[in-house]
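Residue strings, one per chain:
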Amino acid sequence: MSIIESRIDVGAEEYRQNFEKMSSLVADLKDALKQAREERSDKARQRVAEVGKLPVRERLDLLLDRNTPFLEIGALAAKDMYDGKVHGAGSVIGIGVVEGREVIVNANDPMIKGGTIYPLGVKKSLRAQKIAMENRLPTIYLIDSGGAFLPMQSEIFPDEDDGGRIFYNQAVMSKMGIPQIAAVMGLCTAGGAYIPAMSDEVVHVRGTGAIFLGGPPLVLAATGEEVTADELGGADVHCRESGVSDYFADDDPHAIAIVRELVRNLPAADKTRLSMREPRPPRYDPTEIYGIVSRDLKTPYDVREIIARIVDDSAFTEFKALYGATLVCGFAHIHGHPVGILGNNGILFSDSALKATQFIQLCDRRRIPLVFLQNINGYIIGREYERLGITKDGHKMVNAVSTATVPKFTVMTGASFGAGNYGMCGRAYGPRFLWTWPNAEIGVMGGEQAADVLVTVKNDQLARAGSPPMSAEEVDAIKAPIVEAAHKESNAYYSTANLWDDGIIDPAQTRNVLGLSISAALNAPIRDDVAGFGIFRM
Ligand code: COA
């Protein structure tokens, strides 16, 4: 493999300014993550302590093997939404290692509105289940939830991808043979009762854990019967009488010790074996990515400089290096795993789209996972390019991305606009994981362009009616709100708050995050047995 030779001048003023900008974005990200982890009311902290429960992060510390990484999913979900305090949408979800086995953990946070489920909490749980199903990861639920956040019940209850889907998925996962272990560490009320009920094994904490279809307030209102939560659905009831729960735990640490034992008892993971290489660090410092990525999205940089700081030994076999220059494709290794990388180096043209299509086919046939480094303003437009068939060549790339069945991983490293988002494996194209850098912007098009489109449409209408075009003030009145909305809604934080990605990451950590993502993906077969693509329009 050839070693990428970096041409970056780390002493240049441009580099320094870029570095400063990205450093401040990463500092903001770290602050946001810290706030999401730590900001809880004193009242909620006291309540959890007085009933003898552990905070969610302490539960995770006990559950996960020491000194192993935790790949958190949706850490900033629901950021600045609801009352601004529903951090992580009320739960902590991530891939971690328990007894040497990669698992996905879905833990309610009882210090956020009693662990109740908001609309984005449902979406996050469904995302966790999708990850579990695609990557065949055993799932551990640490349940401590007041159930539906009742003021928003209509938004989480009835539709296909609402709360009911969680239990539906549990049944499907069970059928797929994906182990599910539930620890009842707080309330599991109403629909929430089905999370343990639909799991393979249930650990139940005495005193604090309770499972019931209707809680004490509802029972009192409906039947007049006065009963405590423990009498209604505590560990004694369910471990000794109903048989709903399987293992009796004295407290949180005991429950977690039992869960670890249950994971130890699972059959060994049947991980896909790829042609691994001895992992090697890149030859260049990954933190230098800060100085390479332009502080202005419109200023291009060479994506090979990023690849050189992500892949093992900075070694890269470039595919069709002299053709379709605006897309760099090639083979490399990340933490020893073979990967095929596609990285944008400008707008996508017909040749770059065709090159991508061939490269994706190659990787799919050879069972090589695909990594997309997405920094794209879209496919080229204009009369000349339409005549050359950019739409049909773009279609080939989108078709190949859609139907390749090897694991795909996407990192939004800058712009993500228009059909470029699709061709470069945006969320709708089924990447196993999608990570975003803090400088990224995502949208149909930039705000200015969207506003200009609408101004043109309006002026065309006026011209058809024989009226003069809009005045400068009228143009401003149309443009300002569009530009403002686009600015807010294309921001990486807006994207992550809505769970359009799996999280915003420090660019210097991209290699490690991808390594963990690929490792998790290998718990499932590498690709469908039936190879093939759709019909390519020629
Ligand atoms: N919907 C909306 N808010 C809820 C809620 C629900 N289902 N359950 C609890 N909350 C809110 C409380 O109003 C409180 O809000 P505040 O901090 O702004 O005052 C917060 O969550 C914590 O509740 P609190 O009762 O003070 O905490 P706790 O730790 O003593 O008990 C529960 C937590 C979840 C055990 C308890 O609140 C409860 O039993 N809730 C009702 C559960 C239920 O019947 N749900 C049915 C849904 S299908």
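Above this text sits the structure in question.
Position labels on residues start from 1 in each chain and follow its written sequence. Residue-level local features of this predicted model are given only where pLDDT is at least 70; pairs of side-chain atoms are given and counted only at 80 or more, and the full residue set underlies all totals for whole chains, interfaces and linings. To obtain the side-chain values, all non-hydrogen atoms of the structure were included, while hydrogens and water were left out.

Colleague: Any chance you could explain the overall build of the chain here in plain terms?
Modeller: Where helices and strands are cited, they refer to DSSP runs of H or I of at least four residues and of E of at least two residues respectively, numbered from the N terminus. Along the chain, the regular secondary structure elements total 21 helices and 16 strands. For the radius of gyration, the atom set is restricted to C-alpha positions; the globular benchmark scales as 2.2 Å times the number of residues to the power 0.38. Relative to a compact globule of 538 residues, whose C-alpha radius of gyration would be 24 Å, the chain shows 25 Å and is just as compact. Going through the 538 residues of the chain one by one, you find that 54% of them count as buried. Restricting the contact set of the chain to residue pairs at least 6 apart, pairs at least 24 apart contribute 75%. Each accessible area is a Shrake-Rupley estimate made with a 1.4 Å probe; only the visible protein chains count as cover when residues are assessed. With an accessible surface of roughly 24,400 Å², the chain has 53% of that area assigned to carbon and sulfur atoms. Note on charges: Lys and Arg go in the positive column, Asp and Glu in the negative column, and His and the chain ends are not counted at all. Every charge is mapped onto a representative atom, which is NZ of Lys, CZ of Arg, CG of Asp or CD of Glu. Distance between charge centres in the chain, computed from 57 positive and 69 negative side chains, equals 6 Å. Exposure is judged per residue with a 1.4 Å probe applied to protein chains only, and the accessible area is read against the type maximum: over 50% gives exposed, under 20% gives buried, and values in between give partly exposed. Residues count as neighbours in contact if any of their non-hydrogen atoms are within 4.5 Å of one another.

Colleague: How should I be thinking about the site of the ligand in this particular structure?
Modeller: The local shell around the ligand holds 13 residues, among which Lys 43, Arg 47, Lys 113, Gly 146 and Ala 148 are the closest. The term polar contact refers here to a pair of N or O atoms within 3.5 Å; inside protein, the definition further demands a hydrogen-donor-capable atom paired with an acceptor-capable atom, and it admits residues adjacent in sequence only when both atoms are side-chain atoms. Separating an oxygen atom of the ligand from a side-chain N or O atom of Arg 47 is a distance of 2.4 Å. Within the side chain of Lys 113, one N or O atom sits 2.5 Å away from an oxygen atom of the ligand. In isolation the ligand exposes 860 Å². Once the protein is present, 59% of that is buried. Broken down by secondary-structure element, the contributors of at least two residues to the shell around the ligand are α2 (42–50) and β5 (180–189). Broken down by class, the residue content of the shell around the ligand amounts to 6 nonpolar, 4 polar and 3 charged. We call a residue near a given molecule or strand whenever any one of its heavy atoms falls within 4 Å of it. When residues are sorted by character, Ala, Val, Leu, Ile, Met, Phe, Trp, Tyr, Cys and Pro go into the nonpolar class, Asp, Glu, Lys and Arg into the charged class, and all the rest, Gly among them, into the polar class.

Colleague: Sorry, what's going on with the pattern of salt bridges here?
Modeller: Charged atoms that come close allow side chains of opposite charge to pair. Salt bridges are identified by distance alone: a Lys or Arg side-chain nitrogen within 4 Å of an Asp or Glu carboxyl oxygen. If you walk through the whole model with that rule in mind, you get 29 salt bridges. Measuring nitrogen to oxygen at the nearest pair gives 2.9 Å for the salt bridge that ties Arg 309 to Glu 288. One end of the pair, Arg 309, is in the loop between α13 (303–307) and β9 (317–319); the other, Glu 288, is in the loop between α11 (252–264) and α12 (289–292), and 21 residues separate them in sequence. Exposure class is identical for Arg 309 and Glu 288. Each is buried. Asp 312 is the salt-bridge partner of Arg 511, the closest N and O atoms lying 2.7 Å from each other. One end of the pair, Arg 511, is in helix α21 (residues 510–521); the other, Asp 312, is in the loop between α13 and β9, and 199 residues separate them in sequence.

Colleague: Looking at this structure, how should I read the environment of Glu 318?
Modeller: As for its position among the elements, Glu 318 is in strand β9. By relative accessible area, which is 24% here, Glu 318 ends up partly exposed. Each C-alpha atom of the pair Glu 318 and Gly 330 lies 4.2 Å from the other, and the pair is 12 residues apart in sequence. Apart from residues no more than four positions distant in its own chain, Glu 318 is found in contact with Arg 304, Val 328, Cys 329 and Gly 330. Within the structure, the side chain of Glu 318 is placed 2.9 Å from the side chain of Arg 304, a separation counted as a polar contact.

Colleague: Before we go on, may I ask you to explain the packing of aromatic side chains in this structure?
Modeller: In this description, a pair of aromatic rings is defined by centroid distance and the angle of the planes. Working definition: rings of Phe, Tyr and Trp (its six-membered ring) pair if their centres are within 6.5 Å, and the pair is stacked with planes under 30 degrees apart, edge-to-face with planes over 60 apart, and tilted otherwise. Counted by the stated rule, this structure contains 13 aromatic pairs. On the numbers, 5.9 Å between centres and 35° between planes, the contact of Tyr 15 with Phe 19 is tilted. Of the two residues, Tyr 15 and Phe 19 both sit in helix α1 (residues 13–38), 4 residues apart, roughly one turn of that helix. The exposure class assigned to Phe 19 is partly exposed, which follows from its relative accessible area of 27%. With centroids separated by 4.7 Å and ring planes inclined at 45°, the aromatic side chains of Tyr 82 and Tyr 118 adopt a geometry described as tilted. On the criterion of sequence distance, the pair formed by Tyr 82 in the loop between β1 (71–73) and β2 (91–98) and Tyr 118 in the loop between β3 (101–108) and α4 (119–135) is long-range, its members being 36 residues apart. Owing to a relative accessible area of 31%, Tyr 82 belongs among the partly exposed residues under this scheme. The buried category is assigned to Tyr 118, whose relative accessible area is 2%. Among the aromatic residues, those joined into a ring-pair cluster are Tyr 15, Phe 19 and Tyr 290.

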